[in-house]
Amino acid sequence: MVVGVPKEIKNNESRVGMTPAGVFELVKNNHTVYVQSGAGEGSGFFNQDYQKAGAIILDTIGQVYAISDMIVKVKEPIAEEYKLVQKGQIVFTYFHFASSEALTRAMIDSKAICIAYETVEDEDGTLPLLTPMSEVAGRMAIQQGAKYLEKPVKGRGVLLGGVPGVAPGRVLVLGAGTVGIQAAKMAAGLGAHVTILDVNMKRLRYVNDIMPNHVVTEFSNEFNIRKHIKTHDLIIGGVLLKGAKAPNLITKDMLKEMHPGAVIVDVAVDQGGCVETTKPTTHEDPIYIIDDVVHYCVANMPGAVPYTSTMALTNVTLPYVVKLANKGWQSACNSDKSLAKGLNIVEGEVVYKEITEAFNWEPELV
Ligand SMILES: NC(=O)C1=CN([C@@H]2O[C@H](COP(=O)(O)OP(=O)(O)OC[C@H]3O[C@@H](n4cnc5c(N)ncnc54)[C@H](O)[C@@H]3O)[C@@H](O)[C@H]2O)C=CC1
Ligand SMILES: CC(=O)C(=O)O
Ligand SMILES: [Mg+2]
């Protein structure tokens, strides 16, 4: 198979979909790999590293898409890439379709095979290709939240750890999944008081077992959320309904109940966000303020730490890339139920029902 690795063009996205180790593995399996010139530079991998591993370097993104049976990348194609995606081409990447009708329509029109990292699902319900980036984003959420709590950037002016004689900051984490647990762990490490909410009692029991006593679990419902937003300085949005639009747990009217200068880091922005006032931002311009509440809603947080993120991502994607290249998508998905769950749009048809539900599409419109 011919496999192509384009350079990411989303704002400040310095990850790359394949490292030289991945190229080496594919070439060993008799595949041909084209890498766009400079694609890996932001992650510390240069053209000569890819060439040594057996890749062929192409100058432009158009050349990479035109020649490849399978595109392996990181983020969803953005508008200028839509027209590059080929009929019958496998595109293996994060898509987050439920948050973008335009992207969904474009990929339907392309007649490509869109396999979304974020919905590849193991038998126990875990998401092996989302987990490492959620680990990164969960940890980063506290770094970013702590920064935007500072007064010069319009935050409340609270030091999360407090100091002797002064109470620590308070962090409310919505969702006790991968993002939530990593965020709670970082916040607890800084000495903040942490409240973590989920609807899944198994997750809350687990958090209760592993976290120190200043991490408090509570069941997630509107009553508890309304109660806690009044007393917390930093809120982390980490809820996920697989493949679906995230539920709005904090509505616009609730912002007025929060402290002026409180910060929301809505990590779930890529699935539409769990806060009504969430809209995607970029690393270049990461925050905006509504009703005195600072919103940080960067949809590709791990893109800012590519040295860590590219390795963490490609460690888990490579075995699937090799399987897809060796067997083709049909046979690979027939023999691997986890991978089959990644199929979102196939040759013009949406095959993941949460996507059509997100847009209230009738089946005949799809
Ligand atoms: N912005 C970014 O750069 C990144 C965003 N993400 C996103 O972060 C989100 C969370 O991802 P993960 O932690 O991996 O998901 P996960 O599946 O591990 O955890 C989600 C948790 O939300 C809980 N939940 C569902 N409904 C809830 C409710 N009403 N109240 C409270 N909790 C609820 C679930 O029970 C689950 O424990 C996803 O949308 C993911 O795509 C992940 C990585 C990077
Ligand atoms: C998961 C995701 O959206 C990211 O890593 O950018
Ligand atoms: Mg207010």
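Criteria and cut-off values
Residues numbered from 1 in each chain as written. Chains lettered and ligands numbered in written order. Predicted model: local features only at pLDDT ≥ 70, side-chain atom pairs only at ≥ 80, totals over all residues. UniProt positions renumbered as here; feature names shortened; annotations may be inferred. Helix = DSSP H or I, 4+ residues; strand = E, 2+ residues; numbered from the N terminus. Expected span 1.5 Å × (residues − 1). Bend = angle between axes of the 7 residues up to and from the residue. Buried ≥ 20, exposed ≤ 12 C-beta atoms within 10 Å, placed from the backbone. Domains from an automatic or database assignment. Contact = placed C-beta atoms within 7 Å. Nonpolar A, V, L, I, M, F, W, Y, C, P; charged D, E, K, R; others polar. Near = placed C-beta within 6 Å. Pairing = 2+ DSSP bridges. Right-handed = clockwise from strand over helix to strand, strands pointing away.

As annotated in an unreviewed UniProt entry, the protein chain carries the name Alanine dehydrogenase and is attributed to Flagellimonas nanhaiensis. Taken verbatim from the UniProt record of the protein chain, the Sequence similarities (unreviewed entry) comment is "Belongs to the AlaDH/PNT family." According to the UniProt record, the Catalytic activity (unreviewed entry) comment for the protein chain is "L-alanine + NAD(+) + H2O = pyruvate + NH4(+) + NADH + H(+)".

Undergrad: Requested: an account of helix α11 (residues 306-327), with residues and values cited.
TA: For α11, built from 22 residues, the straight-helix expectation of 32 Å at 1.5 Å per residue is met to within 8% by its first-to-last C-alpha distance of 30 Å. Largest kink in α11: about 40 degrees, centred on Thr 317, with the proline Pro 319 one to four residues after it. Restricting attention to buried positions, one finds in α11 the residues Pro 306, Ser 309, Thr 310, Leu 313, Thr 314, Thr 317, Tyr 320, Val 321, Leu 324 and Ala 325.

Undergrad: So, the domain arrangement of the protein chain: which residues are in play, and what are the values?
TA: Quite often, the size of an interface is put as the accessible area lost when its parts meet. Along its sequence, the protein chain is organised into domain 1 (2-120 + 306-365) and domain 2 (131-303). Each partner contributes to the interface: domain 1 provides 22 residues, whereas domain 2 provides 16 residues. For the side of domain 1 that touches domain 2, the secondary-structure elements that each account for two or more residues are α11 and α14 (353-358). The leading source of residues in the side of domain 1 that touches domain 2 is α11, at six residues. Classifying every residue of the side of domain 1 that touches domain 2 gives eight nonpolar, eight polar and six charged.

Undergrad: Explain the site of ligand 2 to me, using residue names and the numbers behind them.
TA: In the vicinity of ligand 2, the contacting residues are Lys 75, Tyr 94, Glu 118, Leu 130, Met 133, Asp 270, Asn 300 and Pro 302. In terms of residue class, the shell around ligand 2 is built from four nonpolar, one polar and three charged. Each of two domains, domain 1 (2-120 + 306-365) and domain 2 (131-303), supplies a minimum of three residues to the shell around ligand 2.

Undergrad: Kindly report on the pairing of strand β6 (residues 113-116), identifying the contributing residues and their values.
TA: Along a regular strand, successive side chains alternate from one face of the sheet to the other. The two faces of β6 match: Ile 113 and Ile 115 on one face and Cys 114 and Ala 116 on the other face are all buried. Judged from the four bridges that link them, strand β5 (residues 90-93) and β6 form a sheet pairing that is parallel. In the strand pairing of β6, Val 91 is matched with Cys 114. Read from β5 through helix α5 (residues 101-110) to β6, the crossover connection turns out right-handed.

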